[in-house]
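In case you want the letters, here they are:
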Amino acid sequence: MRKIIFDTDPGIDDAYAIITAMKHPDIKVLGICTVAGNKGIEFTTTNAQKLIKLMNYDCQVYKGAKDSLLKVADDAGATHGIDGLGGVPLVYDKSSLSSISAVDYILNTVKENPNEIEIIAIGPVTNIALAIRKDKETMKKIKAIYTMGGGVYRGNITPVAEFNYWYDAQATKEMFELGVDVPIHMIGLDITHKSIVTNNDLEFMKMTGGELGQLLYDMILPYVEAYWKFSKYTGCVIHDLLCMIYAIDQTVCPKEAIYHSHLEVSTTGITIGQTVVDIVDSWKQPKNVYVPLKVDENKYKELFFKIVFGEEVAEMYRKYVLS
Ligand code: BDR
Ligand code: CA
């Protein structure tokens, strides 16, 4: 059983990723650490609690940083709806919030399970940087980090920067310093934008996915609207879900297009949050990141349907949507 900790700012695409992990038979989500990003920390924390209740899952939420190390913004505006989960009515139990902080939870859990914990970091990485500052030796005993953020050739919040890394560029820089000791996989915009979930895919989910399919459909509507408004996509890019699916099955990205490289992060000026990835190894610097640059988008979506809704739904997806 793989032992996973989420570090997240739910967030509609975060919710898709978390639900997918909770549905996977070989994954145990040990805990969900929250961070400010898509919304403020109170929203992201209660949203994580709501997902636990929705899925009737046995784990707790650990509240994390309310401000990034280099504060550039409060949140992601209306992209994720008024509350961060598209305004769908969900409830939560107060008891699912632990009194332990995100940083202490990460450190304690890694100490108790050396070289076994995988972190799925799908928000700004403030908590991870703070945990490294507090106890780097323990953080070196993380098995792997899968982080959604950055991009080799593009940004989304600025021409060169992606939202999570831009929101806390300093923390991002500090996280990647750990990348020489711990495998860090960066799922960046280059591949998330190659895996658009179409409106047809979403209609299929609503039609075949029962109550959960309907809820995930309702939840994602403001996000889809934002993609039309800002990018003129019909459909959307569920960034964090791709990060989770890659963590589950790396073959969703062809091996020959996964670059083990040196990465630097800009922390100032107009390039703040930009990831500079030396995929051609011009600098000859120690490699601190794995960056996939190609993705099999059909396989990605098929895996999502299989894990969350079962083989029968995945089969229908192949037969009626993909072919
Ligand atoms: C990332 O930013 C957030 O809005 C999403 O949840 C995702 O983690 C995409 O840039
Ligand atoms: Ca996120």
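Here, the structure is the one placed above.
Everything numeric in this text was worked out from a predicted model, so none of it was measured. (Residues numbered from 1 in each chain as written. Chains lettered and ligands numbered in written order. Predicted model: local features only at pLDDT ≥ 70, side-chain atom pairs only at ≥ 80, totals over all residues. Heavy atoms only, no water.)

Asks: An account of the site of ligand 1 is requested, with residue identities and associated values reported.
Replies: Near ligand 1, the surroundings consist of Asp-13, Asp-14, Asn-38, His-80, Ile-122, Met-148, Asn-156, Glu-162, Phe-163, Asn-164, His-239 and Asp-240. Here Asn-156 contributes a side-chain N or O atom positioned 2.9 Å from an oxygen atom of ligand 1. Taking Glu-162, its side chain carries an N or O atom lying 2.4 Å from an oxygen atom of ligand 1. Look at ligand 1: alone it shows 280 Å² of surface, and the protein chains cover 95% of it. (Near = heavy atom within 4 Å. Polar contact = N/O pair within 3.5 Å; in protein donor to acceptor, adjacent residues only side chain to side chain. Areas by Shrake-Rupley, 256 points an atom, 1.4 Å probe, with all protein chains shown as cover.)

Asks: Could you give an account of the coordination of the calcium ion (ligand 2), naming the residues involved and the relevant values?
Replies: Within the protein, the calcium ion (ligand 2) binds to Asp-9 (OD), Asp-14 (OD), Asp-14 (OD), Ile-122 (O) and Asp-240 (OD); these donor distances fall in the range 2.2 to 2.6 Å. Spacing between the donor residues of the calcium ion (ligand 2) along their common chain follows D-x4-D-x107-I-x117-D. Classification of Asp-14 as buried rests on a relative accessible area of 0%. (Donors = N, O, S within 2.8 Å, 3.2 Å for Na, K, Ca; no water. Buried < 20%, exposed > 50% of the residue type's maximum accessible area, 1.4 Å probe, protein only.)

Asks: Quick rundown of unusual backbone geometry? Include the residues and the values.
Replies: Note: most peptide bonds trans; most residues except glycine with negative phi. Across the junction of Pro-10 and Gly-11, the peptide omega takes the value 0 degrees, indicating a cis bond. Of note, Gly-11 is situated in the loop between strand S1 (2-8) and helix H1 (12-23). For Asn-56, which is not a glycine, the phi torsion comes out positive at approximately 50 degrees. Within the element layout of this structure, Asn-56 appears in the loop between helix H2 (41-55) and strand S3 (60-62). Of the residues examined, Asn-56 reaches a relative accessible area of 69% and is grouped as exposed. One non-glycine residue, Asp-281, lies in the positive phi region at around 60 degrees. (Helix = DSSP H or I, 4+ residues; strand = E, 2+ residues; numbered from the N terminus.)

Asks: Can you lay out the pattern of salt bridges for me, pointing to particular residues and giving the numbers?
Replies: Following the criterion strictly, the structure yields 20 salt bridges and no others. The partner of Glu-42 in a salt bridge is Lys-63, with the nearest N and O atoms 3.1 Å apart. With Glu-42 in helix H2 and Lys-63 in the loop between S3 and helix H3 (102-112), this pair connects stretches of sequence that are 21 residues apart. With a shortest N-O distance of 3.9 Å, Glu-311 and Lys-306 are connected by a salt bridge. (Salt bridge = Lys/Arg side-chain N within 4 Å of Asp/Glu carboxyl O.)

Asks: Break down the packing of aromatic side chains for me, with residues and values.
Replies: Under the defined criterion, the tally for this structure stands at 14 aromatic pairs. Centroid distance Phe-204 to Phe-305: 5.1 Å. Interplanar angle 90 degrees. Geometry classified as edge-to-face. Taken as a pair, Phe-204 in helix H9 (residues 199-208) and Phe-305 in helix H12 (residues 297-309) lie far apart in primary sequence, 101 residues in all. For Phe-305, a relative accessible area of 2% corresponds to the buried category. Members of the aromatic cluster, connected to one another through ring pairs, are Tyr-16, Phe-204, Phe-304, Phe-305, Phe-309 and Tyr-317. (Phe/Tyr/Trp six-rings, centres within 6.5 Å; stacked < 30°, edge-to-face > 60°.)

Asks: Explain the pairing of strand S2 (residues 27-34) to me, and be specific about the residues and the numbers.
Replies: With respect to burial, S2 is a largely interior element, 6 of its 8 residues being buried. In terms of strand pairing, S1 meets S2 through 7 bridges, oriented parallel. Considered in S2, the bridge of Ile-5 is made with Gly-31. As for the winding sense of the linkage, the β-α-β connection from S1 through H1 to S2 is right-handed. (Pairing = 2+ DSSP bridges. Right-handed = clockwise from strand over helix to strand, strands pointing away.)

Asks: Describe H3, with residues and values.
Replies: Listed in full, the buried residues belonging to H3 are Ala-102, Val-103, Tyr-105, Ile-106, Leu-107, Thr-109 and Val-110. Among the structural elements, S1, S2, S3, strand S4 (117-121), helix H4 (126-134) and helix H5 (136-139) are those in contact with the buried residues of H3. (Contact = heavy atoms within 4.5 Å.)

Asks: Go over the packing of H9 against helix H13 (residues 311-322) with me, naming the residues and quoting the values.
Replies: Think of two packed helices as two axes; the pair is described by the angle between the axes and how far apart they sit. Between H9 and H13, the least distance of the axes is 11 Å, while the angle of their chain directions is 135 degrees. On the basis of their axis angle, the class for H9 and H13 is oblique. Crossing of H9 over H13 shows right-handed handedness. Counting all contacts with H9, which are made through Asn-200, Asp-201, Phe-204 and Thr-208, the residues of H13 involved are Val-313, Met-316, Tyr-317 and Val-321. Residue composition of the contact of H9 with H13, grouped by class: 5 nonpolar, 2 polar and 1 charged. (Axes fitted to C-alpha atoms, helices over the stretch in contact; angles between N-to-C directions. Parallel < 35°, antiparallel > 145°, perpendicular 65-115°, else oblique. Left-handed = near helix turned anticlockwise from the far one by under 90°. Nonpolar A, V, L, I, M, F, W, Y, C, P; charged D, E, K, R; others polar.)

Asks: Could you give me a rundown of the state of the cysteines, with the residues and numbers involved?
Replies: Inspection of the entire model under this criterion finds 0 disulfides. The cysteine Cys-33 is free of any disulfide, with Cys-59 supplying the nearest cysteine sulfur at 9.9 Å. You can call Cys-33 buried: its relative accessible area is 0%. Cys-243 supplies the cysteine sulfur nearest to Cys-236, a cysteine that is in no disulfide, at a spacing of 16 Å. (Disulfide = S-S within 2.5 Å.)

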